[in-house]
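Architecture and fold: a report
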Amino acid sequence: MRNFTAELEQRKQAGLYRTRRHISGPQQPVLTSDGKRLLSFCSNDYLGLANHPSNIDALRNALPETGLGGAASHLVCGHHEAHHLLEERLAAFTGRSSALYFSTGYMANLGVISALAGRGDTVFSDRLNHASIIDGCILSRARVRRYAHGDVASLAAMLAETGGHKLVVTDGVFSMDGDVAPLRELVAVCRRYDALLVVDDAHGFGVLGPGGRGSVAELGLSEEDVPVLVGTLGKAVGTSGAFVAGPAGLMDYLVQKARTYIYTTAMPPALALATCASLDLVEGGEGLRTHLQGLVERFRGQAVALGYRLMESRTPIQPIMIGDNRAALALSQALEERGLLVTAIRPPTVPAGEARLRVTFSAAHSHGDLDCLIRALAECRYSLDAGSVA
Ligand SMILES: *Cc1c(COP(=O)(O)O)cnc(C)c1O
């Protein structure tokens, strides 16, 4: 039998051991973690809607009407009118013909990729795509070709030499780097080489584009340009679940074939209604997005002035590049001693030698919160150089 204990020990030695902290109370910038108050810069609640009173009211008001449990899968007797309402709302919101409501983004990607590609087909996947896309590719049993991050020219070369059915999959906003995919160029090569484009906009949806419609809408790309649009509802939308939107025929195909849609219990219908309410806040959230953008720009200016290495990102995902696993962990710990929560991201989530602190901003952060972060980063800067953050 494999020695699992020894593997855990190895992980600890390599600075790769993962632990979970216990949070109590709602998700918001000031968290209670193991009884301690911490100012957090690591959630994906980009618009501060996870604890918004009107979303909580919407859920509370929906419960007596719909009850709690989803009770059955969509194809048996679980497809509640509340789910249908949300799917129609999502289709209208994204300017797509049709949408399907999935339980999680992870399941949406698994289901979509494995339904739309199979044995004998080829899936082209950006090297920095999210784990759920990577797993969806494996599950599909298609041949998988990974292209260098954002490198449309190398993708085009691969597409040119490949026959048969081709699927190209990309994050809209990359979850660990915060940069936006070259979507216009991807649309053009997919059209040229007859490949089906799938964009997972988990981190762009709610944040970028008009009304928060995402990175695809920001460029005015239509359903013809991006036929398969995936978005998640647990990040900027602040509730839970995910969706896939696109042409009605394709969505119908997914209802027949996407196993993570078919073989799972429908989400609590009340949650779908609360998500509809939250989408109203997202759509009308221009003020939130302007404030968020202001925080991001100020952070970039001040962190660079302190000598930190940032990445090319204009989104609320602002990684501070460190490199060494233990140095990243030490900086994260030094910040925590100063009352701040910023997670160190290490391999295998990011490539080896690219450990980083992943700072994320929310519209719920104040400029005072950002002052606290900058102050702590200034204090830790010296010790980071000295090689012993403390
Ligand atoms: C978070 C994330 C997912 C998974 O979504 P969940 O709803 O949390 O399962 C999928 N894709 C990307 C790019 C993500 O960042």
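Residues numbered from 1 in each chain as written. Predicted model: local features only at pLDDT ≥ 70, side-chain atom pairs only at ≥ 80, totals over all residues. Heavy atoms only, no water.

In the annotation of an unreviewed UniProt entry, the protein chain is listed under the name 8-amino-7-oxononanoate synthase and assigned to Marinobacter aromaticivorans. Per UniProt, the comment on the protein chain under Function (unreviewed entry) is "Catalyzes the decarboxylative condensation of pimeloyl-[acyl-carrier protein] and L-alanine to produce 8-amino-7-oxononanoate (AON), [acyl-carrier protein], and carbon dioxide." We quote the UniProt Sequence similarities (unreviewed entry) comment for the protein chain here in full: "Belongs to the class-II pyridoxal-phosphate-dependent aminotransferase family. BioF subfamily." (UniProt positions renumbered as here; feature names shortened; annotations may be inferred.)

**Overview of the packing of aromatic side chains**
The final tally for this structure, using the stated rule, is 5 aromatic pairs. Judged by centre distance (5.6 Å) and plane angle (90°), the ring pair of Phe93 and Phe205 falls under edge-to-face. One end of the pair, Phe93, is in helix 4 (residues 81–94); the other, Phe205, is in the loop between strand 8 (196–200) and helix 9 (215–218), with 112 residues separating them in the sequence. Judged by relative accessible area, Phe93 falls into the buried class, the value being 1%. (Phe/Tyr/Trp six-rings, centres within 6.5 Å; stacked < 30°, edge-to-face > 60°. Helix = DSSP H or I, 4+ residues; strand = E, 2+ residues; numbered from the N terminus. Buried < 20%, exposed > 50% of the residue type's maximum accessible area, 1.4 Å probe, protein only.)

**Some details on the nonpolar core**
The tendency in soluble globular proteins is for nonpolar side chains to be buried as a group. With 53 residues, the main nonpolar core has Phe299, Leu335, Phe361 and Leu373 as its most contacted residues. Here this core gets 6 residues from one element, more than from any other, and that element is helix 15 (residues 367–385). Setting aside its immediate chain neighbours within four residues, Phe361 contacts Phe41, Tyr46, Leu292, Leu295, Val296, Phe299, Pro316, Gln318, Leu370 and Leu373. Counting 25 residues, the second largest nonpolar core, distinct from the first, contains Ala115, Ile133, Cys137 and Ala142. (Core = buried A, V, L, I, M, F, W, Y, C linked by side-chain atoms within 4.5 Å. Contact = heavy atoms within 4.5 Å.)

**Focus on the domain arrangement of the protein chain**
Taken domain by domain, the protein chain comprises domain 1 (18–47 + 285–385) and domain 2 (53–283). Between the C-alpha centres of domain 1 and domain 2 there is a distance of 27 Å. On the side of domain 2, 23 residues touch domain 1, which itself brings 22 residues to the contact. Across the interface of domain 1 and domain 2, roughly 1,600 Å² is buried in total on both sides, 56% from carbon and sulfur atoms. The largest per-residue losses of area from domain 1 upon contact with domain 2 belong to Tyr46, Arg289 and Arg314, which jointly make up 28% of the total buried on that side. For the interface between domain 1 and domain 2, the tally reads 2 salt bridges. Arg314 is paired through a salt bridge with Glu218; the nearest N and O atoms lie 2.9 Å apart. At the boundary of domain 1 with domain 2, the tally comes to 13 residue pairs in polar contact (both at pLDDT 80 or more). Considering each element in turn, the side of domain 1 that touches domain 2 owes the most residues, 3 residues, to helix 13 (residues 286–305). (Domains from an automatic or database assignment. Buried area = accessible area lost by both parts, 1.4 Å probe. Salt bridge = Lys/Arg side-chain N within 4 Å of Asp/Glu carboxyl O. Polar contact = N/O pair within 3.5 Å; in protein donor to acceptor, adjacent residues only side chain to side chain.)

**Observations regarding the sheet that holds strand 13 (residues 340–341)**
Strand order in the open sheet formed by 4 strands is 1-2-3-13, with mixed pairing between adjacent strands. Pairing within the sheet leaves two strands with one partner each, and these edge strands are strand 1 (23–24) and strand 13. Note that strand 1 and strand 2 (residues 30–33) share 2 bridges and pair antiparallel. Counted as the bridge partner of Ser24 is Thr32 from strand 2. (Pairing = 2+ DSSP bridges.)

**Section: the UniProt feature "binding site: substrate" (unreviewed entry) in the protein chain**
The positions UniProt marks with the feature "binding site: substrate" (unreviewed entry) are Arg18, His130 and Thr349. From this annotated list, the subset lining the largest pocket comprises Arg18, His130 and Thr349. Side-chain polar atoms of Arg18 contact the side chain of Thr349, separated by 2.9 Å. Along the chain, Thr349 falls in the loop between strand 14 (343–345) and strand 15 (355–360). Exposure remark for Thr349: the relative accessible area of 35% places this residue in the partly exposed category. Among all residues touching Thr349, those that are not within four sequence positions of it are Arg18 and Met176. (1 Å grid on protein atoms, 1.4 Å probe; cavity = no way out; pocket = protein on both sides within 12 Å on 5 of 7 lines; lining within 4 Å.)

**Things to note about the layout of surface pockets**
Volume-wise, the largest pocket comes out at about 1,100 Å³. Taken together, 31 residues line the largest pocket, and the ones lying closest to its centre are Thr19, Arg21, Thr343, Ala344 and Ile345. Listed by contribution, the elements that provide at least two residues to the lining of the largest pocket are helix 14 (325–337) and strand 14. In terms of residue class, the lining of the largest pocket is made up of 11 nonpolar, 12 polar and 8 charged. Both of domain 1 (18–47 + 285–385) and domain 2 (53–283) provide at least three residues apiece to the lining of the largest pocket. Approximately 300 Å³ is the volume found for the second largest pocket. (Points joined across faces, edges and corners; volume = space filled by probe spheres on them. Nonpolar A, V, L, I, M, F, W, Y, C, P; charged D, E, K, R; others polar.)

**What about the site of the ligand?**
Around the ligand there are 14 residues in total, and Gly105, Tyr106, Asp200, His203 and Lys235 lie nearest to it. The separation between an oxygen atom of the ligand and a polar main-chain atom of Gly105 is 2.7 Å. Separating a nitrogen atom of the ligand from a side-chain N or O atom of His130 is a distance of 3.5 Å. Contact with the protein chains removes 82% of the 380 Å² of surface that the ligand exposes when unbound. Looking at the shell around the ligand element by element, the count peaks at 3 residues for helix 5 (residues 105–116). Here the residues of the shell around the ligand are counted per class, giving 2 nonpolar, 9 polar and 3 charged. (Near = heavy atom within 4 Å. Areas by Shrake-Rupley, 256 points an atom, 1.4 Å probe, with all protein chains shown as cover.)

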